Amino acid sequence: MQFNYKYGGTSSVSGSASNTNMSFAPDTLREPTFFVGSLGKHIPFREAISALHDVVISDLRFKPKDHTEYLAWVKTQEDIWLTEFVGEKVGAKKDIDKRIEELREEIKHYNAEQRKVMGPFNKAKREYFDYVYKRDYDAWFVLDPVITVHPDQIFFECFSQDESTYGKLGCNYEVFKKINEFECGTTNIDYSAALYNEFQKIRDYKETEFKVDPSGFEVATEDEDVYKEVKIDLPESWVRGFLQVSSAMTLEGVSFDLQPMDIYNICLYLRRFKEKHGPRSMRYVLKPGKPISVILEPWNYEIKCSRSIYNGPEEKEIRVWGRRRILILERLLPVVKKFTVTLLGTGLPSFYVADLGNMNFTLGLSGWTANDWSRAGNFDLMAPRMEVDDITKKTVFKALKENWVEDIDSLSKRLGLGKDVVGGALSAYTQAGRVIYDMQKKKYRVRELSREPLPMESLRFASPVEEKANKFLKGNAVTVSVEERDGGMKLKGTVRDGGRTYRPELVIDKDQRIVEGTCSCNHYNMNQLRKGPCEHMLALRMKANERTNRF
């Protein structure tokens, strides 16, 4: 899926001892969107925009170690070890040791000659990659951040490289001392590592001008050399992940507040210790009227959040994975007032909204850091919850765009439509990447992720297998029984597929990974689990998740 951008120049930060000028180059292929103002909250903005950068570069996928050099060394040593062993057996150890020493000296000489010859080449190669890393760092990122200007707020959004972490920084206009001009809309902005480094120079004593440069839309079209064209070919999984997390923000979950010290204690323990085995989860123990407890596994270390009281109606225990992504919040600890946490359920997405006064930072985490087949189908957020006809949907979207931000109640009264109809229409536009839900203000905002409509038919499901599994679930064709086993569980059940009934089974470990599975279908008989679970196994897993996370 290809995205095309055309920037009116390059984003830059310039300054002196008394002032700083930040200028973001917007995408000129989209509707004119600009903003010019003077920053008033310098330090909180600097820390928040830096935390957003940490989301952009986040990549916690497993990277296997490169053993090439070690294997090469072992290969050269095998002959020496064999010679030493044989020498000891035949009694000629002294002569052999002498010969081995001569060979070692000879090898050392050849290695020195090799370094002498290859040294300049290796040095040039390192310098080249250092240059690319520093000068063209934005090439390492998948997609430039999205910036949206609204009548009451300007906000940035981004997604991580490993497709598991979402970040949003919203700045109310009270953050700015003076606002010169703005035009509402959404655009991509040119964002580079050099720009991030300049952000670190923001100080309270410097006047800082913040500009989404309107001049980018005024340059004559024949001056093509002043434009920077960027074409990025995105994997569908990346776009789908962005939409999944955005859709998850609209779902109801368990919400509670944590103090900055609570997040600090979690981060401190994760920094100090590295788990060597599973489960690598974090359990929130929530009891009405009691302090919230967080249990870090596999150590079963409990963190008591004495000042954070759970006010929910019933007792709950929710497990989440991918906890090291919470370390992104460390940068905000000196300036944050509180964190509002929303958990959708065990193994489902979670959200941490940092209250920064006139700013807010939302960290959205998918169910797991890794998004491989063993986690597929864990939740289906993109299936519509209520069918609304196209004319009604367009009417609701047009009405929302008049004010740019509004809640369901207000829209419902203004249009004379039922709340469920308005909610269904907004949900459909959220799934399509054209609307976003503001978790702090509990309102919907217009935000069009791309210039052209996204191909929703290809994005709705990760694979044809997941689409089939979803149909079984919608048709009430799945039954499941859950058996707890050594911290994990074993699933058994039936799936009606056409005129046949299949009996899939799954074994899930402590980290919620599928480790064993069987089914009587042809897909399993031909491939086992080498190509992932069949649609019947996946439907069984999705049905079990539906039962586990029902509130």
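I will try to describe carefully the structure that is included in this document.

So, how was this worked out
Residues numbered from 1 in each chain as written. Predicted model: local features only at pLDDT ≥ 70, side-chain atom pairs only at ≥ 80, totals over all residues. Heavy atoms only, no water. Helix = DSSP H or I, 4+ residues; strand = E, 2+ residues; numbered from the N terminus. Contact = heavy atoms within 4.5 Å. Polar contact = N/O pair within 3.5 Å; in protein donor to acceptor, adjacent residues only side chain to side chain. Core = buried A, V, L, I, M, F, W, Y, C linked by side-chain atoms within 4.5 Å. Buried < 20%, exposed > 50% of the residue type's maximum accessible area, 1.4 Å probe, protein only. Arc of directions from axis to C-beta. Pairing = 2+ DSSP bridges. Expected span 1.5 Å × (residues − 1).

**Let's talk about the environment of Asn403**
Along the polypeptide, Asn403 turns up in helix H7 (residues 390–403). Distance in space between the C-alpha atoms of Asn403 and Val446 is 9.0 Å, their sequence separation being 43 residues. Setting aside its immediate chain neighbours within four residues, Asn403 contacts Pro151 and Arg414. At 3.1 Å, the side chain of Asn403 forms a polar contact with the side chain of Glu406.

**Brief notes about the nonpolar core**
One finds Phe45, Ile154, Leu169, Phe256, Tyr284, Tyr352 and Phe361 to be the most contacted residues of the largest nonpolar core, which totals 60 residues. By residue number, the principal contributor to this core is helix H1 (residues 42–56), which donates seven residues. In contact with Ile154, not counting residues within four places along its chain, are Phe35, Ile147, Thr148, Val149, Leu169, Gly170, Cys171, Tyr173, Phe176, Phe210 and Val212. Within the second largest apolar cluster, 33 residues are counted, among which are Met249, Ala425, Tyr429 and Met439.

**A few points about helix H11 (residues 464–474)**
Listed as buried for H11 are Glu466, Ala469, Asn470, Phe472 and Leu473. For H11, the angular spread of the buried residues around the axis is 155°, confining them to a single face. Away from the buried face of H11 by more than 90 degrees, exposed residues Pro464, Lys471 and Lys474 are located. Note on H11: the residue one or two positions beyond its end, Asn476, has a positive phi of about 50°.

**A look at the sheet that holds strand S21 (residues 435–438)**
Pairing is antiparallel in the open sheet, where three strands are placed in the order S20-S22-S21. Sheet topology places strand S20 (405–406) and S21 at the edges, where each strand pairs with a single neighbour.

**Thoughts on H7**
In this model H7 runs 21 Å from its N-terminal to its C-terminal C-alpha over 14 residues, within 8% of the 20 Å that 1.5 Å per residue would give. Those residues of H7 not exposed but buried are Thr392, Lys393, Val396, Phe397, Ala399 and Leu400. End-on view of H7: buried residues confined to an arc of 160°, all on one side of the axis. Seen from the open side of H7, the exposed residues pointing more than 90 degrees away from its buried face are Asp390, Ile391, Lys394, Lys398 and Glu402. Taken together, the buried residues of H7 touch S20, helix H8 (408–415), helix H9 (419–431), S21 and strand S22 (443–446). Sitting at the amino-terminal end of H7 is Asp389, which places a side-chain oxygen 3.2 Å from the backbone nitrogen of Ile391. Immediately downstream of H7, the backbone of Trp404 shows phi near 75°, a positive value.

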